[in-house]
Structures are given as C-alpha cells and as structure tokens.
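# Per-entry structural report
As a plain string of letters, each chain reads:
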Amino acid sequence: MTDDRTNDGGVPVPVTPAGATSGAPAELPPSSPAGRGMFGMQGTGDVSGYGGLVRQRTPIEEAPRPYGGYFDEVRDALEEAYPQFGDAIEKVVVDRGELTLHVRPERIAEVCQVMRDDLALRFELCSSVSGVDYLGADERRLHVVYQLTSMTYRRRVRLEAAVSAEHPHLPSVTAVYPTADWQEREAYDMFGVIFDGHPNLTRVLMPDDWEGHPQRKDYPLGGVPVEYKGAEIPPPDRRRSYQ
C-alpha cells in the first residue's frame, strides 16, 4: 500500500507509509502513555481510521470518602466483617458511578466468601469473571474482574485482582460462586491466568493443545487463509502489517 505525494515538479510519486513495516506476524507494539492508534499502528499506513485514535490512560487512584450512594455502606460492612480488610484491599475506586475494590490476589477467595455470607452484604451472585491485559501500563498486567450482585439489597460491586504474566496465579472462587466455573476456564484459556483449586481448569474455547493465550496484547495477530468465491483470502498477518 502506498501514499501519493508530489515531488518538486508536482508529479505524484509513491512512497511507503510510515509505520508499515514487514514484521508479520505481529511484533510487540510500542506502548505510550496516551495509547495512540490501535494494533500498534502509527503513521499514515492505516486507512481504517484506527491509526488516528488517542486513548488517554487515566491513573487509577483511591477514591476519597464519602463515596456516595450505598458505596460507603458496602465498605463499612466489609471492613467490620473482615478483620483483614486493611491487608486484603489495595484500594477502593469509584468511577463512572461504579464501585471497584482492588483486592490482593491471594485474598480474593476470602473476600468473596465474606461478600456472599455477611448479612449486611449478601452478594449472592457472581455474574461474570473476565480478564484484561494492561500491557505496558501495569507491571501486574493481567487483571481479573469479578462482577458481584446482591439480589437481597439490589446492589452491585466489582472486585479486581492483578497478577503478573510471570506468575499468573489466583485462588479459584468456584467454591464460593459455582457460576465462576466456566468463566474462570475462559479467563485461563484467553489470558493464561491459572486459578489454583479450580476443579477442572482446562481450555473452553481453544483446542487443548493450543499454544498461547489469544487475548493477551502481545499475542501474534496470526490467522488461517480462507477461500471465498474461488479466491484465497490470506490471514490478517499476511494481508498487511499493523506495525
């Protein structure tokens, strides 16, 4: 793919777009505080519009009290019911009308147990366990997010625990929330987080012998060729380079 520019005589000349290198499959995209572009794209080579995106990374900071709404009641109830609160909770964040408790990885199952069983909390349902990779933004880049719901009090709260890619271990919460069974398997499959104590931690989306974890940010773009109406469409890493 080229970009037409003109020489001194006004004649269009083809040039190689900035950022379009030939390092497929994917090279590790450079990180930046603003998170510019997408897929590591820089320069003018990307005609999709992703190259022009600017994603600001705001620091995640402890929220000052009072939080507002029922958030203060949830924190106070957990602090009273769980004596290890100060050691287990790294910070409390209120953002966009949502309460997030950042939990030390080794304490996540204990905190879930208290959140479910304490009469003042009663978060009976874990509706989701999901992963996210903050490559280049956090040394403990792999975060696991737990969405808890109290059907008794009609409240919601998010728990979040962070681990490194070198030691991606978390206690399983399946003994507390059986709904987390397949969700933890998916987070293991896609992000490589190992949930210690899970009854059957196997892949749920990819084949058992698959190498790597596809939703990590440094996973190669890759792909397989597809035949369509007699033409062979190459995989993404062979169509163009997003570097």
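Residues numbered from 1 in each chain as written. Predicted model: local features only at pLDDT ≥ 70, side-chain atom pairs only at ≥ 80, totals over all residues. Heavy atoms only, no water.

Per an unreviewed UniProt entry, the protein carries the name NADH-quinone oxidoreductase subunit C and comes from Micromonospora wenchangensis. The record in UniProt for the protein states the following under Subcellular location (unreviewed entry): "Cell membrane". Within the UniProt record for the protein, the comment given under Catalytic activity (unreviewed entry) is "a quinone + NADH + 5 H(+)(in) = a quinol + NAD(+) + 4 H(+)(out)". (UniProt positions renumbered as here; feature names shortened; annotations may be inferred.)

All right, on to the overall build of the protein then. Per the secondary structure count, the protein includes 5 helices and 11 strands. Across the 243 residues in the protein, those meeting the buried criterion constitute 35%. Long-range pairs, those at least 24 residues apart, make up 50% of the contacts in the protein between residues at least 6 apart in sequence. Surface exposure of the protein reaches about 14200 Å², of which carbon and sulfur atoms provide 51%. (Helix = DSSP H or I, 4+ residues; strand = E, 2+ residues; numbered from the N terminus. Buried < 20%, exposed > 50% of the residue type's maximum accessible area, 1.4 Å probe, protein only. Contact = heavy atoms within 4.5 Å. Areas by Shrake-Rupley, 256 points an atom, 1.4 Å probe, with all protein chains shown as cover.)

Across all of its chains, the model carries 15 salt bridges by this definition. Taking the shortest distance from any N to any O, the salt bridge between R158 and E98 comes out at 2.8 Å. With a gap of 60 residues between them, R158 in strand 7 (residues 155-163) and E98 in strand 4 (residues 98-103) connect regions that are remote in the sequence. Note that D189 and R203 form a salt bridge whose closest N and O atoms lie 2.5 Å from each other. Of this pair, D189 sits in helix 4 (residues 180-191) while R203 sits in the loop between strand 9 (194-196) and strand 10 (226-228), placing them 14 residues apart in sequence. (Salt bridge = Lys/Arg side-chain N within 4 Å of Asp/Glu carboxyl O.)

Quick look at the environment of D138 now. Among the secondary structure elements, D138 is positioned in the loop between strand 5 (125-133) and strand 6 (142-150). The exposure class of D138 is partly exposed, given its relative accessible area of 28%. Once the C-alpha coordinates of D138 and V163 are considered, the two residues, 25 residues apart in sequence, prove to be 9.7 Å apart. There is a polar contact of 3.0 Å between the side chain of D138 and the backbone nitrogen of R140. (Polar contact = N/O pair within 3.5 Å; in protein donor to acceptor, adjacent residues only side chain to side chain.)

Attention now moves to the side chain of R141. Mapped onto the secondary structure, R141 falls in the loop between strand 5 and strand 6. Using a relative accessible area of 9% as the deciding quantity, one classes R141 as buried. Polar side-chain contacts of R141 include one of 2.6 Å to the side chain of D133. Excluding residues within four positions of it along the chain, R141 makes contact with V132, D133, Y134, L135, V163, S164, A165, R216, K217 and D218.

As a further point, take the sheet that holds strand 3 (residues 89-95). Across the sheet, which stays open at both edges, the 5 strands sit in the order 3-4-7-6-5 with mixed pairing between neighbours. Since the sheet does not close on itself, it has two edges, and those belong to strand 3 and strand 5, each with one partner. Sheet twist, expressed as the mean angle between neighbouring strand axes with direction ignored, is 20°. With 8 bridges connecting them, strand 5 and strand 6 associate as antiparallel partners. Bridged to V129 within strand 6 is Y146. Contacts between helix 1 (residues 71-81) and the sheet are confined to strand 3, strand 4 and strand 7, with strand 4 contributing the most and set at about 25° to the helix. (Pairing = 2+ DSSP bridges. Axes fitted to C-alpha atoms, helices over the stretch in contact; angles between N-to-C directions.)

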